[in-house]
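Topology and contacts: notes
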Amino acid sequence: PFIKGSTVVIPGPEYKRSGWHNIFWGKHYRREWNTAFRVENFYLDTAAGGLTAFKEGGGRQSKSLRLKDKNGKEFVLRSVNKDFGRGLKDMDGTFISRIAKDQVSIGHPYTAVTITPMAKAAGIFHTTPRIVFVPVQASLNEFSNEYGDQLYLFEQRPDENQEDAENFGKSKNVIGSEKLMEKIYKDKDNRVDQLAFVRARLFDIFIGDWGRHPDNWRWAEFEEEDQTIYKPVPRDRDQAYTKIDGFYPNLAGSFLKQVQGFNASLKSVGSWNFPGRPLDKKFLNELSLDTWLAQAKDLQRILTDNLIESSIRLMPPELFNISGAAIISKLKSRRDQLHKYAGDYYYYLAKTVTILGSEKTEMIRVNVLPQKKVAVDVYKINKEGKTIDTPYYSRNFNAVETKQLYIYGLGGKDFIEVKGEGKTHINI
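Now for a look at the structure at hand. (Residues numbered from 1 in each chain as written. Predicted model: local features only at pLDDT ≥ 70, side-chain atom pairs only at ≥ 80, totals over all residues. Heavy atoms only, no water.)

Concerning the overall build of the protein chain
Along the backbone of the protein chain there are 14 helices and 17 strands. Taking 22 Å as the expected radius of gyration for a compact globule of 428 residues, we find that the protein chain reaches 24 Å, a close match to that expectation. In terms of principal-axis extent, the alpha carbons of the protein chain reach across some 70 × 50 × 50 Å. Buried positions account for 53% of the 428 residues belonging to the protein chain. The contacts in the protein chain between residues at least 6 apart in sequence include a share of 68% that link residues at least 24 apart. Counting only carbon and sulfur atoms, one obtains 51% of the accessible surface of the protein chain, whose full area is about 20400 Å². Across the protein chain, 64 positive and 54 negative side-chain charges occur, with their mean positions spaced 5 Å apart. (Helix = DSSP H or I, 4+ residues; strand = E, 2+ residues; numbered from the N terminus. Rg over C-alpha atoms; globule rule 2.2 N^0.38 Å. Buried < 20%, exposed > 50% of the residue type's maximum accessible area, 1.4 Å probe, protein only. Contact = heavy atoms within 4.5 Å. Areas by Shrake-Rupley, 256 points an atom, 1.4 Å probe, with all protein chains shown as cover. Lys, Arg positive; Asp, Glu negative; His and termini not counted. Charge placed at Lys NZ, Arg CZ, Asp CG, Glu CD.)

Notes on the sheet that holds strand S9 (residues 190-192)
One open sheet holds the 4 strands; their spatial order is S8-S10-S11-S9, and the pairing between them is mixed. Edge positions in the sheet fall to strand S8 (174-176) and S9, since each has one partner strand and no second. On average, each strand axis in the sheet is tilted by 35 degrees relative to the strand beside it, whichever way the strands run. Sheet strands in contact with helix H6 (residues 177-186) are S8, S9, strand S10 (217-224) and strand S11 (227-234), and its direction is about 95 degrees off that of S8. In the packing of helix H7 (residues 194-207) onto the sheet, contacts are made with S9, S10 and S11, and the angle to S10 comes to roughly 155 degrees. (Pairing = 2+ DSSP bridges. Axes fitted to C-alpha atoms, helices over the stretch in contact; angles between N-to-C directions.)

Re the packing of H7 against helix H13 (residues 317-336)
Taken N-terminus to C-terminus, the directions of H7 and H13 make an angle of 140 degrees; their axes are 8 Å apart at the nearest point. By the angle between their axes, H7 is oblique relative to H13. Between H7 and H13, the contacting residues are Ile205, Phe206 and Ile207 on the first element and Leu331, Arg334 and Arg335 on the second. When the residues that make up the contact of H7 with H13 are grouped by side-chain class, the tally is 4 nonpolar, no polar and 2 charged. (Parallel < 35°, antiparallel > 145°, perpendicular 65-115°, else oblique. Nonpolar A, V, L, I, M, F, W, Y, C, P; charged D, E, K, R; others polar.)

Some remarks on the packing of aromatic side chains
Under the criterion given, the structure shown has 22 aromatic pairs. With a centroid separation of 4.7 Å and an interplanar angle of 35 degrees, the aromatic rings of Trp25 and Tyr248 are classed as tilted. Of this pair, Trp25 sits in helix H1 (residues 19-25) while Tyr248 sits in helix H8 (residues 247-255); the two residues are 223 residues apart in sequence, bridging distant segments of the chain. For Tyr248, a relative accessible area of 35% corresponds to the partly exposed category. When the centroid spacing of 5.4 Å and the interplanar angle of 50 degrees are considered together, the rings of Tyr241 and Phe262 count as tilted. Of this pair, Tyr241 sits in the loop between S11 and H8 while Phe262 sits in the loop between H8 and helix H9 (269-272), and the two are 21 residues apart along the sequence. Ring pairing ties together the aromatic residues Trp292, Tyr345, Tyr346, Tyr347 and Tyr348, which thus form one cluster. Taking NZ or CZ as reference, Lys63 lies 5.0 Å from the ring centre of Tyr147, over its face. (Phe/Tyr/Trp six-rings, centres within 6.5 Å; stacked < 30°, edge-to-face > 60°. Lys NZ or Arg CZ within 6 Å of the ring centre and 35° of its normal.)

Details of the pairing of S11
Of all 8 residues that make up S11, 6 are buried, and the element is covered over most of its length. Two elements, S9 and S11, share 3 bridges in a ladder whose sense is parallel. Residue Asn190 lies in a different strand from S11, and its bridge partner there is Thr228. Strand direction decides the pairing type here: S10 and S11, joined by 8 bridges, are antiparallel.

A look at the nonpolar core
In terms of nonpolar packing, the biggest core is built from 70 residues, with Phe203, Trp219, Tyr241, Trp292 and Leu331 touching the most fellow members. At 8 residues, the largest contribution of residues to this core is made by H7. Among the nonpolar cores identified, the runner-up in size contains 16 residues, and Leu51, Leu67, Leu77 and Tyr152 belong to it. (Core = buried A, V, L, I, M, F, W, Y, C linked by side-chain atoms within 4.5 Å.)

Shown next as structure tokens:
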């Protein structure tokens, strides 16, 4: 009911460059950015029952416009085109800024829409973006000149009460990573679902989404018995399928292992995951290798050839004809190797493990075991000073995998108990 016609758009004509430029700075997805396709028009007064634009947003690279319906539910329009140069302080107008802007072409302009069916099948919470053209219109009010006549991703804003949203688990409260940290540190009755998180992170590896810094996650809250569990909601899929080529980008990749394009195989999975490490080290610190491998194998089972092909064919035919087949081939290859990447990243994270207490009082027991092993169990202590029988954190470490353990009690009058005979081969 909100579609009033459509518009033929070229998403990024500025990325059309000379052959010499492409040799040095890469071909990337320049053809896709310069190919015309038809997209639906979007009018605020009829979309989702009527929307009102009320706040500008966006990060250092993109711009966005926050919308809300008559019930206060929020949505967002995020620009498909970006500017990496905006993240470079005091570089505006310089050669470096222009090159950074040019490198937006490493991303495919239609990525986000193709990922939704695969994430849904994998049981991973997800947004449901649509690519729309927003004409200049009276409903934009004071935002019309700045935001009109442009291409956007339109989607729900995963925040606060989402009890009517199946794709967010019908959670009554969705929060950001900063708020999550506050809750986790405050009390260990607040916990992250590590099984759901490792599944989401393996899916990131499958689609090549390397931009998984903390702000690209939301967390859906659920009450389970006497605990509050937070499950991951990934957002902003702009960096999936990233294509990196050209002399200078390849040169950068030879020095910075996290600069790896979306290829049929992934090298140095630990370095590639650099932006995701702040959360990975905190919320993937309890799972065993068997659990990682089991999740990888289950994803391999679910992500069938038919599912991959039908998802990528959600691109406009004009774009699919350029790179759709290549993306499908790479996804199938990465899926087939996902168990290997799961093992590689598990061992990478297992070398140095950080275990965090909370601001409450806890019992931390470290037991040095035979055969170069160490067991760590962390228990809550209630207000009466009694140690709860079941640990909320428990893991056995092996010196073959783990070289260092960092254990932080954080706040409260914690008790640390170390026992066992012989010398530990893990630095604690």
